[in-house]
Amino acid sequence: MKEDINFLKKLYKRQRKWILSLSFLVVILILFFWYFFIPQIELKGDVIIRMEVNSEYKELGAEARVNFEKIKDIKITGKVNTKKTGKYTVYYKVKYRGKTYTRTRTIIVEDTTPPVLTLNGESKTNVCASLEYNDEGATAIDNYDGDITDKIKVTKKGKTVTYFVTDKKGNTASLERELIVNDDKAPELTLNGDAYIYLYTGSTYEEPGASAFDNCDGDITDKINILGEVNTNQVGEYEVSYQVTDNNGNTNEIKRIVKVVTKPDSDKVIYLTFDDGPSYTVTSDILDILKEENVKATFFVINHSDDLNYLIKREFDEGHTVALHSFTHNYGQIYTSVDAYFEDLEAIKNKVKNITGADANIIRFPGGSSNTVSKFNPGIMTTLATEVSNRGYIYFDWNVSCGDASGSYTASDVYYNTINNLNDKTNIVLMHDFESNYKTLNALRDIITYGKNNGYTFARITEATPKIRHGINN
């Protein structure tokens, strides 16, 4: 019995060795078959890729080999939408001996970026102790959810305002604003009327006043102190000062200049004005006629060749007013913004000063203040009409047009369009001295003769000239 058991044990050991050897051989054969007869697809990069939503997915590709040979034709399918969170699968397929072999890669598009919170206003804000804090708010933009400002939660604790927001994926952001109880801001002062006023001797100065508004105290116009006197019986320049102080001692001051000048001898005055010059063809002859007739006029100049600078200098030297019209006279450029207008105006102002040595502050808007060519920028003329005064300029339109830019075709047309529209007071006549405008040149002496024969005096526009202005249409 014992011998039988030993025999069986020996037999089992021999069979086990045989089975292990056979199993090893099978594994070797399987691996051999797998490597030499089944394509192997190796991914470039990770099998699982995590990426942030809205980032760019770049396909890394794969390589395939079988029996030591590279398979070039790998078909890659599957779409990855990086604008939407989720799990995406990319398939890599090769065909070998009529069969298709596939490997996959998983792309996980996720949102882990917190929203961007931005405060409206400053992170440290002065507030008035006497007023309830009016929160300036904040904005929240998420890279996936977009504008989530409406999801912001605001809490106020003591002198700290906290803004907190969470996007749909649970990403959070927060900001704080510090409230400083302090009033160090001066009241705002605004003049009623023009910053520069011009009066004739013997007239009456009526104080236009000003208004004052404080960030804490509100309307404090009644606290304004007005200092300075204007003597309209004495030619001169007078300064009127407006001062105001709020309840916390912050003070502001603005000033108005009032100029008193001599009144003309006659109420019937003709102001001849010439736009768009100087020119090679007519400006010199216009100046000759004005000199012979002892008449002063006003020239609203624009930029021309420096060869014509001598004519601007002659206008100034012979006692005419050299006023400002435009540097470019390009409506589409100068009326695009307030800054664009003043850039153009300052350019012609600087040119005139370089020629004459004097600052010019009398202007005429290209197209007049009533122009409609500026309507591509709604409200620009309303703004400019106020702003030019705030910056020390005086603008003039006209109430008589000779029609030489439209409607008048002959010297006779220019003459009758002018004299038939004269009134018994102030007449600012629109004319032009652009190139080859001979019809105005040929009518000029007859217009002057008519004026003299009918009790009119001629004068140049000054700061004291009655302001003839159109109604603003924009």
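Residues numbered from 1 in each chain as written. Predicted model: local features only at pLDDT ≥ 70, side-chain atom pairs only at ≥ 80, totals over all residues. Heavy atoms only, no water.

**Re the pairing of strand E12 (residues 153-157)**
If a strand is regular, its side chains alternate between the two faces of the sheet.
Part 1: By the criterion of burial, E12 is predominantly exposed, with just 0 of the 5 residues buried.
Part 2: Where E12 and strand E13 (residues 160-166) come together, 5 bridges link them in antiparallel fashion. What sits directly across from Lys153, in E13, is Phe164.
Part 3: Counting the residues that bridge the hairpin from E12 to E13 gives 2 residues, and of these Gly158 lies at a positive phi of roughly 65°. (Buried < 20%, exposed > 50% of the residue type's maximum accessible area, 1.4 Å probe, protein only. Helix = DSSP H or I, 4+ residues; strand = E, 2+ residues; numbered from the N terminus. Pairing = 2+ DSSP bridges.)

**Overview of the packing of helix H2 (residues 283-293) against helix H8 (residues 438-453)**
Part 1: At their nearest, the axes of H2 and H8 sit 10 Å apart, and the two run at 20° to each other. Between H2 and H8, the angle falls in the class roughly parallel. Crossing handedness for the pair H2 and H8: right-handed. Every residue of H8 that contacts H2 at Asp285, Ile286, Ile289, Leu290, Glu292 and Glu293 is listed here: Leu441, Leu444, Arg445, Ile448 and Lys452. (Axes fitted to C-alpha atoms, helices over the stretch in contact; angles between N-to-C directions. Parallel < 35°, antiparallel > 145°, perpendicular 65-115°, else oblique. Left-handed = near helix turned anticlockwise from the far one by under 90°. Contact = heavy atoms within 4.5 Å.)

**Points about the packing of H2 against helix H3 (residues 309-317)**
Part 1: One way to put it is that H2 packs onto H3 with a least axis distance of 10 Å and a crossing angle of 15°. One way to sum up the angle between H2 and H3 is to call them roughly parallel. Seen from above, H2 lies across H3 with left-handed handedness. Contacts between H2 and H3 involve Thr283, Ser284, Leu287 and Asp288 from the first element and Leu311, Arg314 and Glu315 from the second.

**Description of the environment of Cys128**
Part 1: Mapping Cys128 onto the fold places it in the loop between strand E9 (124-127) and strand E10 (138-142).
Part 2: Considering only alpha carbons, one finds Cys128 and Glu110, 18 residues apart in sequence, at a separation of 45 Å.
Part 3: Excluding residues that lie within four positions of it along the chain, Cys128 makes contacts with Asn215 and Cys216.

**So, the packing of aromatic side chains**
Part 1: All told, the structure shown has 9 aromatic pairs when counted by the stated rule.
Part 2: Their ring planes at 10° and their centres at 6.4 Å tell us that Tyr331 and Tyr335 sit as a pair that is stacked.
Part 3: In this structure Tyr331 comes out as partly exposed when scored by relative accessible area, which is 29%.
Part 4: Between the aromatic rings of Tyr341 and Phe365, the centroid separation amounts to 5.5 Å while the plane-to-plane angle is 45°, which identifies the pairing as tilted. Of this pair, Tyr341 sits in helix H5 (residues 338-356) while Phe365 sits in the loop between strand E25 (362-363) and helix H6 (380-390), placing them 24 residues apart in sequence. Like Phe365, Tyr341 is buried.
Part 5: One aromatic cluster is present, formed by Tyr331, Tyr335, Tyr341, Phe342, Phe365, Tyr393 and Tyr395 through successive ring pairs.
Part 6: The side chain of Arg469 reaches across the aromatic face of Tyr395, ending 3.9 Å from its centre. (Phe/Tyr/Trp six-rings, centres within 6.5 Å; stacked < 30°, edge-to-face > 60°. Lys NZ or Arg CZ within 6 Å of the ring centre and 35° of its normal.)

**Examining the sheet that holds E13**
Part 1: One open sheet accounts for 4 strands, arranged E9-E14-E13-E12; its pairing is mixed. Two strands lie at the open edges of the sheet, namely E9 and E12, each paired on one side alone. For this sheet the average axis-to-axis angle between neighbouring strands, irrespective of direction, equals 25°.
Part 2: With 7 bridges connecting them, E13 and strand E14 (residues 172-181) associate as antiparallel partners. Directly across from Phe164, in E14, lies its bridge partner Ser174.

**Focus: the side chain of Asn250**
Part 1: Along the polypeptide, Asn250 turns up in the loop between strand E20 (236-245) and strand E21 (251-261).
Part 2: Engagement of the side chain of Asn250 in a polar contact is seen with the backbone oxygen of Lys185, the distance being 3.5 Å. (Polar contact = N/O pair within 3.5 Å; in protein donor to acceptor, adjacent residues only side chain to side chain.)

**Some thoughts on the pattern of salt bridges**
Part 1: Applying the stated rule across the entire model yields 18 salt bridges.
Part 2: The closest approach of N and O atoms between Lys259 and Glu237, which form a salt bridge, is 3.6 Å. One end of the pair, Lys259, is in strand E21; the other, Glu237, is in strand E20, and 22 residues separate them in sequence.
Part 3: Its relative accessible area of 54% is what places Glu237 among the exposed residues.
Part 4: Arg314 is paired through a salt bridge with Asp288; the nearest N and O atoms lie 2.6 Å apart. A residue pair is termed long-range when its members are at least 10 positions apart, and Arg314 in helix H3 and Asp288 in helix H2 qualify at 26 residues.
Part 5: In the salt-bridge network here, residues are joined through shared partners; they are Glu292, Glu293, Arg445 and Lys452. (Salt bridge = Lys/Arg side-chain N within 4 Å of Asp/Glu carboxyl O.)

**Quick notes on the confidence of the model for the chain**
Part 1: Per-chain confidence: the chain averages 90 in pLDDT, with 92% of residues scoring 70 or above.
Part 2: Ranking the elements of the chain by mean pLDDT puts helix H1 (residues 2-37) last, at 59, and strand E23 (residues 298-302) first, at 98. (pLDDT = per-residue confidence, 0-100.)

**Observations regarding the environment of Tyr438**
Part 1: Counting through the fold element by element, Tyr438 comes out in helix H8.
Part 2: Dropping the residues within four chain positions of it, Tyr438 is found in contact with Thr281 and Val282.

**A closer look at empty space enclosed by the protein**
Part 1: Overall, the coordinates contain 1 cavity of 30 Å³ or more when judged by the stated rule.
Part 2: For the largest cavity, the calculated volume is near 50 Å³.
Part 3: In terms of lining residues, the largest cavity is bounded by Asp194, Tyr196, Ala385, Ser389, Tyr393, Ile394, Tyr395, Lys467 and Arg469.
Part 4: For the lining of the largest cavity, the secondary structure elements donating two or more residues are H6 and strand E26 (394-395).
Part 5: Broken down by class, the residue content of the lining of the largest cavity amounts to 5 nonpolar, 1 polar and 3 charged. (1 Å grid on protein atoms, 1.4 Å probe; cavity = no way out; pocket = protein on both sides within 12 Å on 5 of 7 lines; lining within 4 Å. Points joined across faces, edges and corners; volume = space filled by probe spheres on them. Nonpolar A, V, L, I, M, F, W, Y, C, P; charged D, E, K, R; others polar.)

**Let's talk about unusual backbone geometry**
Part 1: The omega torsion across Gly277 and Pro278 is 0°, close enough to zero to call that bond cis.
Part 2: For Asp276, which is not glycine, the phi dihedral falls at a positive 75°.
Part 3: Secondary-structure assignment places Asp276 in strand E22 (residues 269-277).
Part 4: A relative accessible area of 15% means that Asp276 is categorised as buried.

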